Amino acid sequence: MLNRPLPERSQTRRRLPNQRWQIYPQKTDLAEKLAVSINLSPIISQLLINRGIETPAQAQAFLEPESIVLPPPLEEFPDLAMSVELLQEAIASQSKIAICGDYDADGMTSTALLLRSLRALGAQVDYAIPSRMHEGYGINKRIVEEFHSEGVKLILTVDNGISAYEPIARARELGVKVIVTDHHDIPQQLPPADAILNPKLIAEASPYRGVAGVGVAYILAVCLAQQLGETRGLIQPMLELFTLGTIADLAPLTGVNRRWVKRGLKHLPKSKLPGVQALIQIAGVQAKQEGQGGQGGQGGQGGNIATLSPPSPLSTPPPLSPPKSLKPEDIGFRLGPRINAVGRIGDPQTVIDLLTTDDMGVALTRAMQCEQTNTSRQQMCEEIEQEAIAYVESEFIASLPQDRVLLVIQPEWHHGVIGIVASRLVERYGVPVFIGTYEDETHIRGSARGIPEFHVFEALEYCRDLLGKFGGHKAAGGFSLPAENLELVRSRLIDFANQCLEPQHLKPLLKIDAQANFNQINHQLFQQLNALHPCGIDNPDPVFWTPNVQVIDQQTIGKGHIKVTLAQTIDSQQYTIKAIAWRWRDYYPLPQRVDIAYKLRENTFNGNTTIELELLGVRLTKASSQIFYTASPNPLKATFQHNQRQYTCGIYQNNSFPELRIKNPEGKILVMQPERTIGLLGTSREEAMEVDVSQPQYDSIIQAALQALSYIQQGIDNRGQATGL
């Protein structure tokens, strides 16, 4: 059995997720010192340190965002005063205002926010959103000319416009004034608008720097309402729409975003907007008690946008019990996708009607339409993902380590959802993914998603002469190209990827905050983590890891998920906890002994609330994985017993690949290599049959063999240390 290689197809199905684990260095002394100063546990202090927060003042600002002194937005945004003045004049003269929005969640919530607020302030206002299918992103000349023909005097772009030089120049030619509100990157030439509001144009240190399109719209609407003295009843609904759009657009939850989102999440469960009520009801979202009480959430009721300090205890009595609040994941995974699905494959008017109506009947109808569209989107994503995986496995998997990038183009895929599929392929294969479909026989349109070491927009720039329209930023982008250039683009992307990526980069990066043992995981720890909320972009949910846990039960559930019961033995006592691994069907069944990385989650069932784990990563235990790569002049061998039978085992080299061989008393040999699912079983390689070594009957004996070999290796290491070798 010495020369026959293991089956190549086993490389295409990984035994475990192919990940890079990056564990933050533990700064124990600093964490202890910070913990004392902020009166929280050292584990929370370590999580703050991992987020760049190392002083008591920084911690105070992060944990109590209402305590931050905000500069007035009118001082930060140079054109904000002009924008407010233009809108005031249009309202006073009853000139027609038109909003040009966008079809993603940020653009639709921005459009709805400004429609509601401008109508409430007495404006004559309407809107248009370009067709994703036929026109693509952003204001265009057709929309400008249509607005002009309808008598529009002032155009207001939201979540777009900063790169629309020609359409805005056309508006100015026609005598139409333009306010651009956007948050995308600044082009070399700014459009000739009357006013431009974009956080990328203000100081990098500004707390407003990270706002999304809906954040710019919120600032403009609040300042206008304050200028007109009409804030009553307006601020809270706008704050709710700001919160929906900010989280759904994956904006960083830092600066004012953290402050306002924290307020907004408290208001959403008791929203008076019929559309928000209907969406929460249809999505089945339930508000939860906040572990840290109700601090600083009342400032959204009115007053200045730059409230300098938390409300006075005299004016806001403390709540008798912690207030109920939504969490960002309720929006990110439940509400946001139902809004985004409509922009991807439906009619954005559905969402605008949902978020601007005051009729509960209309709101429920529109929410049901969002639900149905989202179900269709999920089915579409699943089908395209499976087709894409099959195509990659058959055409590109063998060359992927050399190519270091995927370009996957197929006909009849809906380009409204291929960006989601691109993200899933990045997660699966660990390389940048460019995915597209044919608009017609000669044109391809697509989306791209990157990895930390790869800049998507620079890659597209590298292919500029081969592409049609393209745009994006470091992590994502969109592009079009003539079909005849497909293979040239593929070659160019491979060239670019090989310039900036090393082989070690081709694994998804998993950042881990700290180690935890199962006896530390309880409701108290979970409640302490609430101090970090709201979590999201630039403030991720804490990720923990635990080494050498036992998988004592597992089953697949739903659409490819794994439900697991895990155990850890500490001082002769066994601690068990349940876990869920989303979309891990390909890794089932998990080995019996693993290291795990996870987030904590609450699960409420029949009135009982328990703390569970959401698995993000699994790897072989350190001893199990390192044993294959231990340098030794002779094969590492051991004898062990399993189920009252004696076996021999060893680590051998086969064509430069390490492999484990296990021999039973009858002379049959089981052969497996790390990270492969398919092994060989027989008395000789030539006659051996292929077996799935992840099956429990094989996995249990493999784990026993690895444990026996690790004891032998440990003895060798100890003797080496004793002799000074």
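Here, every reference points to the structure presented above.
Within any chain, residue numbers begin from 1 and follow the written order of that chain's sequence. Given that the model is predicted, a residue must reach a pLDDT of at least 70 before its local features are reported, and side-chain atom pairs must reach 80 or more before they are shown or counted; all residues, however, enter totals for whole chains, interfaces and linings. Calculation of side-chain values draws on the structure's entire complement of heavy atoms; hydrogens and water are dropped beforehand.

### Quick notes on the pairing of strand 16 (residues 544-557)
Next up, step 1: By the convention used here, strands pair only if DSSP detects at least 2 bridges between them. Secondary structure is summarised from DSSP: a helix means a run of H or I of at least four residues, a strand means a run of E of at least two, and numbering begins at the N terminus for each. Pairing of strand 15 (residues 514-515) with strand 16 involves two bridges; the strand directions are parallel. If you follow Q515 over to strand 16, its bridge partner there is W545.
Next up, step 2: Direction of pairing for strand 16 relative to strand 19 (residues 593-605): antiparallel, over a ladder of five bridges. Following the sheet pairing, V549 is matched in strand 19 by V594.
Next up, step 3: Relative to strand 17 (residues 561-570), strand 16 is paired through seven bridges, and the arrangement is antiparallel.

### Concerning the sheet that holds strand 3 (residues 124-128)
Next up, step 1: With respect to topology, five strands assemble into an open sheet ordered 3-2-4-5-6, the strand pairing being parallel. Among the strands making up the open sheet, the edge pair consists of strand 3 and strand 6 (195-197). With strand direction ignored, the average angle separating the axes of adjacent strands in the sheet is 20 degrees.
Next up, step 2: Bridge count for strand 2 (residues 96-100) against strand 4 (residues 152-158) is five bridges, and the pairing is parallel. Paired with A98 across the two strands is I155, which belongs to strand 4. As a rule, the C-alpha atoms of each element are fitted with a line to give its axis, helices using only the stretch in contact, and angles between N-to-C directions run from 0 to 180 degrees.

### A short note on the side chain of D513
Next up, step 1: Locating D513 in the fold gives a position in the loop between strand 14 (509-512) and strand 15.
Next up, step 2: Partly exposed describes any residue whose relative accessible area lies between the buried limit of under 20% and the exposed limit of over 50%, with all areas from a 1.4 Å probe on protein chains only and scaled to the type maximum. Classification of D513 as buried rests on a relative accessible area of 4%.
Next up, step 3: Identification of polar contacts relies on pairs of N or O atoms within 3.5 Å, with a donor-acceptor requirement for protein atoms, meaning one able to donate a hydrogen and the other able to accept it, and with residues adjacent in sequence counted only if both atoms are side-chain atoms. Only 3.0 Å separates the side chain of D513 from the side chain of R51, close enough to count as a polar contact.

### As for the packing of aromatic side chains
Next up, step 1: Two aromatic rings from Phe, Tyr or Trp, using only the six-membered ring of Trp, form a pair when their centres are within 6.5 Å; if the ring planes differ by under 30 degrees the pair is stacked, by over 60 it is edge-to-face, and anything between is tilted. Counting across every chain of the model gives 15 aromatic pairs.
Next up, step 2: A ring pair is formed by F434 and F479, whose centres lie 6.0 Å apart and whose planes are at 55 degrees; its orientation type is tilted. Here the residue F434 occupies a position in strand 10 (residues 433-438), and F479 occupies one in strand 13 (residues 476-482), the gap between them amounting to 45 residues.
Next up, step 3: Exposure remark for F434: the relative accessible area of 1% places this residue in the buried category.
Next up, step 4: Look at F479 and you get buried, because its relative accessible area is 5%.
Next up, step 5: Pairing W584 with Y587 gives two aromatic rings, centres 5.6 Å apart and planes at 90 degrees, and the pair type is edge-to-face. In terms of burial, W584 and Y587 fall into one category: buried.
Next up, step 6: Taken together through their ring pairs, the aromatic side chains of F77, Y208, Y218, F242 and W260 make up a single cluster.
Next up, step 7: Geometry around F62 places R258 over its ring, the cationic atom sitting 3.7 Å from the centre. Geometrically, a lysine NZ or arginine CZ counts as sitting over a ring once it is within 6 Å of the ring centre and also within 35 degrees of the ring normal.

### Points about the sheet that holds strand 11 (residues 443-449)
Next up, step 1: Across the sheet, five strands lie side by side as 9-10-11-13-12; this open sheet has mixed pairing. Of all the strands in the sheet, just strand 9 (406-409) and strand 12 (470-472) have a single pairing partner and so form its edges. Ignoring strand direction, the axes of neighbouring strands in this sheet form an average angle of 15 degrees.
Next up, step 2: Two elements, strand 9 and strand 10, share four bridges in a ladder whose sense is parallel. What sits directly across from V408, in strand 10, is I435.
Next up, step 3: Contacts are assigned to residue pairs with any non-hydrogen atoms lying within 4.5 Å of each other. Set on the sheet, helix 17 (residues 418-429) makes contact with strand 9, strand 10 and strand 11; between it and strand 10 the angle comes to about 145 degrees.

### Focus: the environment of A283
Next up, step 1: In this structure, A283 sits in helix 12 (residues 274-283).
Next up, step 2: What makes A283 buried here is its relative accessible area of 6%.
Next up, step 3: Sequence separation between A283 and L335 is 52 residues; the distance between their C-alpha atoms is 6.6 Å.
Next up, step 4: Filtering out sequence-adjacent residues up to four positions away, A283 remains in contact with R334, L335 and R338.

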